[in-house]
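# Commentary on secondary and tertiary structure
Read off the chains here:
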Amino acid sequence: MGLLTRVKLAGRNIAREVMKNKVLFLMLLPVLLYFLIFHYAVMPGAYVAFVDYNLNKGIFGSDFIGLKNFEFLVQNGDLWNITKNTLLYNIVFLALGNIIQIVFAIMLSEISGRWFKKVSQSVILLPNFISMVIVGVFAYNIFNFNSGFINTILAGAGLDRYEFYSDPGIWKYIIVAFKIWAGTGYGMIVYLATITGINHDLYEAAYMDGATTWQRIRYMTLPILKPTFILLLLFGMGGILKGSFDLFYNLIGTNSVLYPQTDIIDTYVFRSLVGQFNFSMGAAVGFYQSLFGLILVLVVNFIVRKIEPDSALF
């Protein structure tokens, strides 16, 4: 069978599938248009990273300068530190965040009272809608040396106040705590939807066979959630070098004392480019982050395909 024949056959199969499930494809159309317009159509814009962008000349009319836009990332020797911080934070966000989301989803699924379940789900989801600017103000009022909540309690108990904003080490845990707090509710919904889709008869049969709640969770719920966990992990890997700028900037701001432990690529680039309006350098960083994320997704997907073929993306 020739190549042209195979292409025609594939086209007919696709057309037949679209006609058979036209309602589902129609529902999918807005998402496809979003990715085509805002993700694929703008890909030629990555060329900005390799030119000295001039607004009057346009992207492809600007002077080509090769890798010079990437030099500012390495010229001060900060590339390794900010890449390491970004990677480590996002690995913790992904791993710990998904584990806590699974725990909360299982806990909610085991609650029998509908009213209490709905209220609990709403309360857990609420932090996702709070602006990080408010979170930054909230954190300042907790950790401020003079009038912060914690230091007020310490002073009232006759203990020495603690200078949180002079201790870089402790902010690793504070940032992770706020990130988990803000994102648990939204991520939990995905796992809760998976649990809701499990046939209830399976649990009834396990209960009749004498399985305890923990045994049902361990041998039924967790194995069913495993593919979802791997899928979300793989999706998260694509943006593992893209930090939560709003979270870090609103918590740390311009406190240079905390930079060694809290500086990530996004905050470093913001400080480097603020006031310069250098689109080319910003594009260079975006290109570096995307390329690193692509390589990481391919590597992790290759490993997953070797260990668990059914859970791989491709």
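### Quick notes on the overall build of the protein
When you go through the protein residue by residue, the secondary structure sums to 14 helices and two strands. Relative to the compact-globule value of 20 Å for 314 residues, the protein shows a C-alpha radius of gyration of 25 Å, a clear excess of over 25%. Judged by the C-alpha coordinates and their principal axes, the protein covers about 65 × 60 × 35 Å. For the protein, with 314 residues in total, the buried portion stands at 31%.

### Description of the packing of aromatic side chains
As enumerated under the stated definition, the model contains 22 aromatic pairs in all. For the ring pair tyrosine 89 and phenylalanine 93, a centre distance of 6.1 Å and an interplane angle of 35° mean the geometry is tilted. One end of the pair is tyrosine 89 and the other is phenylalanine 93, both in helix α4 (residues 79–110) and four residues apart, which spans about a single turn. By the burial criterion, tyrosine 89 is buried, and phenylalanine 93 matches it. Ring geometry for tyrosine 288 versus phenylalanine 292: centroids 6.5 Å apart, planes at 55°, classification tilted. One end of the pair is tyrosine 288 and the other is phenylalanine 292, both in helix α14 (residues 279–307) and four residues apart, which spans about a single turn. Accessibility expressed as a relative area gives 28% for phenylalanine 292, which makes it partly exposed. One residue, lysine 179, lies across the ring of phenylalanine 93, its end atom 5.6 Å from the ring centre.

### Some thoughts on the packing of helix α5 (residues 114–125) against helix α8 (residues 168–196)
Where α5 meets α8, the closest approach of the two axes is 7 Å, and the angle between their N-to-C directions is 135°. Between α5 and α8, the angle is such that the two are oblique. Taking contact as the criterion, the partners of Gln121, Ile124 and Leu125 in α5 are, on α8, Thr184, Gly185, Tyr186, Met188, Ile189 and Leu192.

Rules of the game
Residues numbered from 1 in each chain as written. Predicted model: local features only at pLDDT ≥ 70, side-chain atom pairs only at ≥ 80, totals over all residues. Heavy atoms only, no water. Helix = DSSP H or I, 4+ residues; strand = E, 2+ residues; numbered from the N terminus. Rg over C-alpha atoms; globule rule 2.2 N^0.38 Å. Buried < 20%, exposed > 50% of the residue type's maximum accessible area, 1.4 Å probe, protein only. Phe/Tyr/Trp six-rings, centres within 6.5 Å; stacked < 30°, edge-to-face > 60°. Lys NZ or Arg CZ within 6 Å of the ring centre and 35° of its normal. Axes fitted to C-alpha atoms, helices over the stretch in contact; angles between N-to-C directions. Parallel < 35°, antiparallel > 145°, perpendicular 65-115°, else oblique. Contact = heavy atoms within 4.5 Å.

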